[in-house]
Amino acid sequence: QVQLVESGGGLVQAGDSLRLSCAASGRTFSSYALGWFRQAPGKEREFVAAISWSSDSTYYADSVKGRFTISRDNAKNTVYLQMSSLKPEDTAVYYCAARRGITAQYMGREAKADYWGQGTQVTVSS
């Protein structure tokens with residue numbers, strides 16, 4: 001089994017930055033894509049960003065391109081989401097996810113994963 005634990009969320013003002021972390025335990029992720037989804041109150045869960053653990057290729061939702069950067073540390077089994085120029089519409093619970101045997105781009109096609117974290121709240125005020 002895999003456990004994913006998110007951290008780094010908080011309350012910030014528009015234009016500020018935050019860095020989220022997702023610490024994974026239980027196994028190695030050489031065959032996985034790791035990514036981030038988010039869900040605002042009353043909204044469906046939507047894709048944010050993903051990274052292939054082995055190739056380091058990345059893929060982003062159009063709404064965050066140029067503002068968010070996903071990266072990973074293989075030795076620490078940790079994936080990061082650096083968020084800059086935050087907007088009120090970025091407010092949501094952010095979930096870390098892992099899915100085996102897919103590319104980073106494919107992870108953006110549907111809100112499915114083999115493992116989910118519990119989420120961390122990001123609130124952006126104006």
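As a reminder, the structure under discussion sits directly above these lines.
(A) Broad picture of the nonpolar core. Grouped together as the largest cluster of nonpolar side chains are 39 residues, with contacts concentrated most on Leu-4, Leu-34, Trp-36, Leu-81, Met-83 and Tyr-94. Of all elements in the fold, only strand E3 (18-25), strand E4 (32-39), strand E5 (46-52), strand E7 (68-73), strand E8 (78-83), strand E9 (92-100), helix H1 (104-107) and strand E11 (120-125) reach the threshold of two or more residues within this core.

(B) Representation of the sheet that holds E3 within the structure. With antiparallel pairing, the four strands of this open sheet are ordered in space as E1-E3-E8-E7. Here the strands that pair on one side only, and so sit at the sheet edges, are strand E1 (3-7) and E7. The average angle at which neighbouring strand axes cross in this sheet is 15 degrees, direction not considered.

(C) The pairing of E11, seen in detail. Burial along E11 is one-sided: Thr-120, Val-122 and Val-124 are buried, while Gln-121, Thr-123 and Ser-125, pointing the other way, are not. Taken together, the four bridges between strand E2 (residues 10-13) and E11 define a ladder with parallel strand orientation. Along E11, the bridge assignment pairs Val-12 with Val-124. Where E9 lies against E11, three bridges are found, and the strand directions are antiparallel. Its bridge partner being in E11, Val-93 is matched across the sheet by Gln-121.

Analysis parameters
- Residues numbered from 1 in each chain as written.
- Predicted model: local features only at pLDDT ≥ 70, side-chain atom pairs only at ≥ 80, totals over all residues.
- Heavy atoms only, no water.
- Core = buried A, V, L, I, M, F, W, Y, C linked by side-chain atoms within 4.5 Å.
- Buried < 20%, exposed > 50% of the residue type's maximum accessible area, 1.4 Å probe, protein only.
- Helix = DSSP H or I, 4+ residues; strand = E, 2+ residues; numbered from the N terminus.
- Pairing = 2+ DSSP bridges.
- Axes fitted to C-alpha atoms, helices over the stretch in contact; angles between N-to-C directions.

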